[in-house]
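Close look at the chain arrangement
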Amino acid sequence: MVSFDKLKIWVLCICLVSELGYGFYLPGSYPHKYGVGDFLNVKVNSLTSIDTELPYSYYSLPFCKPEEGVKDSAENLGELLMGDRIENSPYRFKMYTNETEVFLCQTKPLSADEFKLLKERIDEMYQVNLILDNLPAIRYTKKENYFLRWTGYPVGIKVQDAYYVFNHLKFTVLVHKFEETNVARVMGTGDGSEVISTVGNEGSDAPGYMVVGFEVVPCSFQHTPDSLKNLKMYNKLPSPIKCDPTTVSMAIKENEPVSFTYEVNFVESDIKWPSRWDAYLKMEGAKVHWFSILNSLMVITFLAGIVLVIFLRTIRRDLARYDELDKEAQAQMNEELSGWKLVVGDVFRAPSNPGLLCAMVGDGVQILGMAVVTIMFAALGFMSPASRGTLITGMLFFYMILGVAAGYVSVRLWRTIFCGDHKGWVGVAWKAACFFPGLSFLILTVLNFLLWGSHSTGAIPFSLFVVLILLWFCISVPLTLIGGYLGAKAPHIEYPVRTNQIPREIPAQKYPSWLLVLGAGTLPFGTLFIELFFIMSSLWMGRVYYVFGFLLIVMILLVVVCAEVSLVLTYMHLCVEDWKWWWKSFFASGSVAIYIFLYSINYLIFDLKSLSGPVSATLYLGYSLFMVLAIMFATGTVGFLSSFWFVHYLFSSVKLD
């Protein structure tokens, strides 16, 4: 009865989560109601470019600054690691109040350095990123009778030998009337209005609006000096401005100032607040080719199923044939036949570098667990693009917490290899706590020095470096040691057979075994190479990745295929009397990382053709190396653990003297 009550509670919780998922916005942000005339403050993010991949601060260029001074917005750890630098801006609107010819400022005459820097940023195709009510500014361009969507707008453009800056911005803010009763109904409570911030007195009939869209059209407009005399920020220009994005006229020149203006138009829209991110998630070029990917998944699943069926039939027939024989026939069969039965006394012999293997398997469990939990939360919507930086922050949090699993698995595997011996478990736990994080820290430190040298906002500040080190040694390492302690107390896995004192000689092979191991990664790579394109595009082309539910399915399929590949390869090695299966089972599935790295190089050459400069290429390859190392640890762990289970089960299923 108690179990049935618990089941009902779980079902109720799942239903509530499902209802909230369909009826409300899960990431945790709530709609903000603005009254007519309320101020809307636009924020600026780092300047970004797909040409260099080096973000820079918005105010590194001679742009207008707010009257109250430049102030950093509160940022989480993930935003800082991603290179976001969100600051206030001088652009300021009043809700549902259209304004035209608004003067912002006139810069000082451009110095030689400012003029040179501005030309460089235009040549490198840098984009200005504006944010209003957590929505990035979106820009539409028409090409061959259909519209392309872009986030941000270019700093300027080069026409022939002249450089032009976009100094006039035409904003369109899409708003939707605030529906308090509907929100309360969706929230499932009459107190829903108390959760959502409101403006004005209670019971007021004044309409409120929510921001559901933010569009920008950049223009290059040459102002006459007379029209700017005695103007202060937010004053109206005496002459009208014709914003034509197809023509440019504001050429930048050394020792001449640049004037900035803007206009804003509010348009009431039918877009509901929970759907306001749809325009960003359906950007051209980031559209998922569902039919192509599903077709690929079906083929891969079918091939993996065939491999698994053949493998199971072969093993079952082998075991059935062996069990039908009496002891004398079994002994004779052992002498006459070669195969996995002859390595019974060596199959559980300790591998070379057992401590390193245990640490890598423990780190792989930690990385895999972090990936699964993070993708599950992202698929539920808690780490959507609306919640900037939460994906990276969540990954760090889950990785640190799962240090317990890394320590437990690595130490228990260590004790299993040495038949329950506790000696050395502390060193193994320390290796698990420091090996992969140490490699990551080394790679990221080298890349960070490059970013520091380039004065990019992508560089991790020294204070944040200290914070990351403290998180590592004050949270992750202690949790890993706690997990190691639990692994030392847990019973080790007993081997079903005894190991001979003298190792058996491995017969000469017709082909190098490691060649087969390296080639085994092609099948796991086939399960994810299509999805890998969209992940790479989101990382390096500034596109929004949002199909985390599909990514979870691909990841599950990848785990299954990695396990199957390692099982088949381990059985093949045992059949040719090669009992050194430990490391080979790890790299059989872990070798998929090699193909991912090769794909990254291919993506750099053929898809990132505009990537310029040795610093950008080094950053790309460095981050790719970091990514493939994590994938190698995770997939290698899946292959090793599945092979270990298989070998243990195989030699437990037959009685061998």
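Residues numbered from 1 in each chain as written. Predicted model: local features only at pLDDT ≥ 70, side-chain atom pairs only at ≥ 80, totals over all residues. Heavy atoms only, no water.

1. Overview of the overall build of the protein
Helix and strand counts for the protein come out as 19 helices and 15 strands. Each of the 657 residues in the protein was classed as buried or not, and the buried ones make up 48%. Restricting to contacts in the protein with at least 6 residues of sequence separation, those with at least 24 account for 83%. For the protein, the accessible surface area stands at approximately 32800 Å², while carbon and sulfur atoms represent 63% of it. (Helix = DSSP H or I, 4+ residues; strand = E, 2+ residues; numbered from the N terminus. Buried < 20%, exposed > 50% of the residue type's maximum accessible area, 1.4 Å probe, protein only. Contact = heavy atoms within 4.5 Å. Areas by Shrake-Rupley, 256 points an atom, 1.4 Å probe, with all protein chains shown as cover.)

2. Looking at unusual backbone geometry
Positive phi, close to 50°, is recorded for D133, a residue that is not glycine. Looking at where D133 falls in the secondary structure, it is placed in the loop between strand 6 (130-132) and strand 7 (135-136). At H455, a position not held by glycine, the phi torsion is positive, near 55°. As for its position among the elements, H455 is in the loop between helix 12 (425-453) and helix 13 (462-489).

3. Remarks on the side chain of R121
Tracing the backbone through its elements, the reader meets R121 in helix 3 (residues 112-123). Classification of R121 as buried rests on a relative accessible area of 7%. There is a polar contact of 3.3 Å between the side chain of R121 and the side chain of E124. Contacts of R121, omitting those with residues within four sequence positions, involve Y56, L61 and Y126. (Polar contact = N/O pair within 3.5 Å; in protein donor to acceptor, adjacent residues only side chain to side chain.)

4. Here's the deal with the pattern of salt bridges
Side-chain pairs of opposite charge can arise where the charged atoms are in close proximity. For the structure on display, the rule yields six salt bridges. One salt bridge in this structure joins E101 and K236, with 2.9 Å as the shortest N-O distance. Note that E101 is positioned in strand 4 (residues 99-106) and K236 in the loop between strand 14 (208-219) and strand 15 (259-268), a separation of 135 residues in sequence. (Salt bridge = Lys/Arg side-chain N within 4 Å of Asp/Glu carboxyl O.)

5. Thoughts on the environment of W452
Summarising the element assignment, W452 is placed in helix 12. By relative accessible area, which is 34% here, W452 ends up partly exposed.

6. Quick word on the confidence of the model for the protein
Per-residue pLDDT for the protein averages 83, and the proportion of residues at 70 or more is 83%. Confidence scores differ between elements of the protein, with helix 5 (residues 192-195) showing the lowest mean pLDDT of 35 and strand 5 (residues 127-128) the highest of 96. Counted against residues more than four places away or in other chains, residues 181-204, with its pLDDT under 50, gives 24 contacts. The model gives residues 283-287 a pLDDT under 50, and that stretch makes ten contacts with residues more than four places away or in other chains. (pLDDT = per-residue confidence, 0-100.)

7. Concerning the state of the cysteines
Scanning the entire structure with this criterion turns up two disulfides. What pairs with C64 in a disulfide is C105, and their sulfur atoms sit 1.8 Å apart. In this structure the cystine formed by C64 and C105 twists about its S-S bond by roughly -90°; its chirality is therefore left-handed. Of the two residues, C64 sits in the loop between strand 2 (39-44) and helix 2 (77-82) while C105 sits in strand 4, which places them 41 residues apart along the sequence. Side by side, C64 and C105 carry an identical accessibility label, which is buried. (Disulfide = S-S within 2.5 Å.)

8. Let's talk about the nonpolar core
Within the largest apolar cluster, 140 residues are counted, with the highest numbers of intra-cluster contacts made by F93, L130, F171, F214 and F651. With 16 residues, the top contributor of residues to this core is helix 19 (residues 614-652). (Core = buried A, V, L, I, M, F, W, Y, C linked by side-chain atoms within 4.5 Å.)

9. Focus: the sheet that holds strand 2
Taken together, four strands build an open sheet; the order of strands is 3-2-6-7 and the sheet is antiparallel. Among the strands making up the open sheet, the edge pair consists of strand 3 (87-94) and strand 7. Examined bridge by bridge, strand 2 and strand 6 share two bridges and lie antiparallel to one another. Across the sheet, the residue bridging to V44 is L130, located in strand 6. (Pairing = 2+ DSSP bridges.)

10. A look at the packing of aromatic side chains
Counting across every chain of the model gives 47 aromatic pairs. Arranged with centres 4.4 Å apart and planes meeting at 20°, the rings of F348 and Y495 form a pair that is stacked. You can see F348 sitting in the loop between helix 8 (327-336) and helix 9 (354-379) and its partner Y495 sitting in the loop between helix 13 and helix 14 (513-519), a full 147 residues away along the chain. Owing to a relative accessible area of 15%, Y495 belongs among the buried residues under this scheme. Pairwise contacts between aromatic rings join F441, F449, W452, F465, W472 and F473 into one cluster. The ring of Y56 has R121 sitting right over it, with the charged end atom 3.9 Å from the ring centre. (Phe/Tyr/Trp six-rings, centres within 6.5 Å; stacked < 30°, edge-to-face > 60°. Lys NZ or Arg CZ within 6 Å of the ring centre and 35° of its normal.)

11. Regarding the packing of helix 12 against helix 19
Following both chains from N to C, one finds helix 12 and helix 19 inclined at 170°, their axes separated by 10 Å at the closest point. In terms of orientation, helix 12 lies roughly antiparallel with respect to helix 19. Facing F435, F436, L439, S440, I443, L444, L447, L450 and L451 of helix 12, the residues of helix 19 in contact are V615, T618, L619, G622, Y623, L625, F626, L629, A630 and F633. (Axes fitted to C-alpha atoms, helices over the stretch in contact; angles between N-to-C directions. Parallel < 35°, antiparallel > 145°, perpendicular 65-115°, else oblique.)

12. So, a nonpolar patch on the surface
A grouping of F449, W452, F462, V466 and L470 is seen on the molecular surface, where their side chains present a nonpolar patch of about 530 Å² in accessible area. In this fold, F462 is placed in helix 13. On the basis of relative accessibility, which here comes to 62%, the residue F462 falls in the exposed class. (Patch = residues over 30% accessible without salt bridge, like charges linked within 9 Å, V, L, I, M, F, W, Y side chains within 5 Å.)

13. Describing the environment of M395
Note that M395 resides in helix 10 (residues 390-401). Under the relative-accessibility criterion, M395 is labelled partly exposed at 32%. Counting along the chain gives 317 residues from M395 to G78, while the straight-line C-alpha distance between them is 9.0 Å.

14. Some remarks on the pairing of strand 15
Here strand 15 lies mainly inside the structure; seven of its ten residues are buried. Pairing between strand 4 and strand 15: five bridges, direction antiparallel. Residue pairing for strand 15: Q106 is matched across the bridge by S259. Pairing between strand 13 (residues 168-177) and strand 15: eight bridges, direction parallel. Paired with L174 across the two strands is V267, which belongs to strand 15.

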